[in-house]
Protein chains: 2
Amino acid sequence: MAVWKGLLHAYRDWLPINERTPLLSLCEGNTPLIPAPNLSAQLGVEIFLKFEGLNPTGSFKDRGMVLAVAKAAEEGSSTVICASTGNTSASAAAYAARLGLRSIVLIPDGKIAYGKLAQAMMYGAEIVPVQGNFDQALELVRDVSRAHPVTLVNSVNPYRIEGQKTAAFEVCEQLGSAPDYLALPVGNAGNITAYYKGFREYHKAGIVQSVPRMLGFEAEGAAAIVRGEPIKEPETIATAIRIGNPASWDSAVRAAQESGGAIDSVTDEEILAAYKLLARAEGVFCEPASAASLAGVIKSRAAGQLLSGARVVCVLTGNGLKDSDVALQVNALELKSIPATQEAVVQTILQTN
Amino acid sequence: MAVWKGLLHAYRDWLPINERTPLLSLCEGNTPLIPAPNLSAQLGVEIFLKFEGLNPTGSFKDRGMVLAVAKAAEEGSSTVICASTGNTSASAAAYAARLGLRSIVLIPDGKIAYGKLAQAMMYGAEIVPVQGNFDQALELVRDVSRAHPVTLVNSVNPYRIEGQKTAAFEVCEQLGSAPDYLALPVGNAGNITAYYKGFREYHKAGIVQSVPRMLGFEAEGAAAIVRGEPIKEPETIATAIRIGNPASWDSAVRAAQESGGAIDSVTDEEILAAYKLLARAEGVFCEPASAASLAGVIKSRAAGQLLSGARVVCVLTGNGLKDSDVALQVNALELKSIPATQEAVVQTILQTN
């Protein structure tokens, strides 16, 4: 068993790291690429699941955040700040805690889902609700970080994409080559940008002989890129990609076009079907948004757009444990109790078979 | 980056595997051993965190379950059964799904916490509430599995401990030797038994030159071994170790005695303090029960029982995302909203500093 020390150690030569950069680590990265034999048989392509939910805070955000927070410390900052109600805030808070930095998280006031914030609060994040919507919160953290010595770690921080590109490196190493297709959910579009960057770097260095076709999938209710215009009130059950005006819009389109891939959308129904299928067919429990990758592959395959037998990596961006509310919803059922006798148990087993 | 294919591949020679055993895998194991520099400085011992929450279903149970379910399939079983309301059921259901087996989970009727069952239901487990308590449910699955062709995967299944011992192998490989102390939570006492077995096997094979002192920590309200008698109504916030009559009682005592370690207890307050400390000092979010290991180390160190500078591995058995209710409880606070202006944000940041 090889000892894994985290991304800044493993990919030091590929990242903007110098001798003053603290080699911050929660042993992020090195996430499994799980073969999906049952889905592969169903779909006629060879499917692998890059399960990013097994990063330290439960999502792919750790890849970019470890670098962003390390660089903040290198630059002498004692505080990181972001606007987020989800995975970004948790990741920022964890790495800040590790380095003894403060983390401040602005959230829109109003219907606050504390459950989503519990993780960030555990890591010691200071949560500040502002009387406005998410866009206003984001504008505020930008303004404050420009005028004061606090470091913005939202996705406009350029180190985020640098760190996230390491996932492409890992996929290449795990497969022994680049896959034919790389499918992933598209929300803010930073991740498709980062993967494409990573694949191109490995290709340019001669480590792999090709770059995969990039397939990005937005949720239909938040499909700004597919529709070609920002969406004021994006709506989807896949909260992690409920974004109406992606920050990395242009680079996402470029990644899809240059690679011969596409950006398409999937409905909430298709996302939830894929979400259940991943757990029931392969034993992998991801966030609803993560399942957009498989939902998109199923849709593309049905439309005859994927080569039979092709090697397809579906990126699962977050851990299903992050959003057990949705898991409960899709499994809502009345359980009928039975007497505590062997006969009753056996009969129930036979009945439901 | 080395490619990790899961425990049955990696430790094939150390496990009861033959050519008919399916090499089932969700890429379990290979969990990080995270150095804890901040805690180490505070406590004067060198602390490492074996973060088992990054297993595929979020707990150490995957190590034993992958083998138990593979052996069930090898033996021709088409159904696995267990009594569980937590990590065991999730793990059993995931691996059963992967191999196309049915998984049946008996739970005590009554106050059913669906949140805890959501994960198992996602993987397709069939949940059967029985009109009785947990002990009766456990007795029923034992009886049914004896009389019918379904395989019991509760902790009495001997393959569970065999699989779990691989965590000790990993710790040795990650450290380059055995640690001086191995601290872990004790509930059913299977895990301390398994770690000790793993360390002894590596020691016997000459891979490591010593076996660590085993330090097991029960929750005070469920401290059957410490008190020397079963506890009828065990109570602790650390639900994963709320067990009043540990199945592996004798072997746990033997592990502690033979290794020169101990089994002690920690209070819920000590557990919660350690739970928060892990997140805030090191950025690691574990289940409340997991924190019993660090709580115990802090207690032992205060009592002068641990050698200064010793290398101590604390096993964190499960992911904090499994129990976000407790995370919310310990962080319960009223958040006061502020106006959406730069001035208000800056003032808040300065105030709370």
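Data block above holds the structure.
Keep in mind that this is a model prediction, so the values were computed, not measured. Chains are numbered independently. Their residues run from 1 in the order of the written sequence. Chain labels run from A onward and ligand labels from 1 onward, assigned in the order the entries are written. The predicted nature of this model means local features are confined to residues of pLDDT at least 70 and side-chain atom pairs, given and counted, to a pLDDT of 80 or more, with totals for whole chains, interfaces and linings taken over all residues. Calculation of side-chain values draws on the structure's entire complement of heavy atoms; hydrogens and water are dropped beforehand.

Draft legend 1. Examining the relation of the copies chain A and chain B more closely. For these two chains of identical sequence, chain A goes onto chain B by a turn of 180° and a shift of 0.0 Å along the axis, with RMSD 0.0 Å. Here the copies are linked by what is in effect a two-fold axis. It only takes one pair of heavy atoms within 4.5 Å for two residues to be counted as in contact. An overlap of 100% is found between the interface residues of chain A and their copies at the interface of chain B, pointing to a shared contact surface. Our superposition of the copies is a least-squares fit, built on the C-alpha atoms of residues whose pLDDT is at least 70 in both.

Draft legend 2. Highlighting the environment of Glu170 of chain A. In this fold, Glu170 of chain A is placed in helix H8 (residues 166-175). Between the C-alpha atom of Glu170 of chain A and that of Asn30 of chain A, which follows or precedes it by 140 residues, the distance is 7.0 Å. Contact partners of Glu170 of chain A, with chain neighbours within four places excluded, come to Trp4, Leu7, Tyr11, Gly29, Asn30, Thr31, Lys50 and Arg63 of chain A together with Met1 of chain B. Pairs of N or O atoms are called polar contacts if they sit within 3.5 Å, as long as, within protein, a hydrogen donor faces a hydrogen acceptor (for residues adjacent in sequence, only side-chain-to-side-chain pairs). Among the polar contacts listed, one links the side chain of Glu170 of chain A to the backbone nitrogen of Thr31 of chain A, at a separation of 3.4 Å. Strands are runs of DSSP state E lasting at least 2 residues, helices are runs of H or I lasting at least 4, and numbering of each runs from the N terminus.

Draft legend 3. Geometry of the sheet that holds strand S1 (residues 33-35) of chain A. All names here are of chain A. A pair of strands is labelled paired if DSSP reports no fewer than 2 bridges between them. With mixed pairing, six strands are arranged side by side in an open sheet as S1-S2-S10-S7-S8-S9. Edge strands, defined here as strands with exactly one partner in the open sheet, are S1 and strand S9 (262-266). Shown here is a sheet whose adjacent strand axes are inclined to one another by a mean of 25°, direction ignored. In this sheet, S9 lies alongside strand S8 (residues 213-219) in parallel orientation, the contact comprising five bridges. Bridge pairing in S9 links Gly216 to Ile263. Helix axes use the C-alpha atoms of the stretch in contact, all axes being lines fitted to C-alpha atoms, and the angles between their N-to-C directions lie in the range 0 to 180 degrees. Contacting S1, strand S2 (46-51), S8, S9 and strand S10 (311-316), helix H12 (residues 268-282) crosses the sheet at an angle of about 90° to S9.

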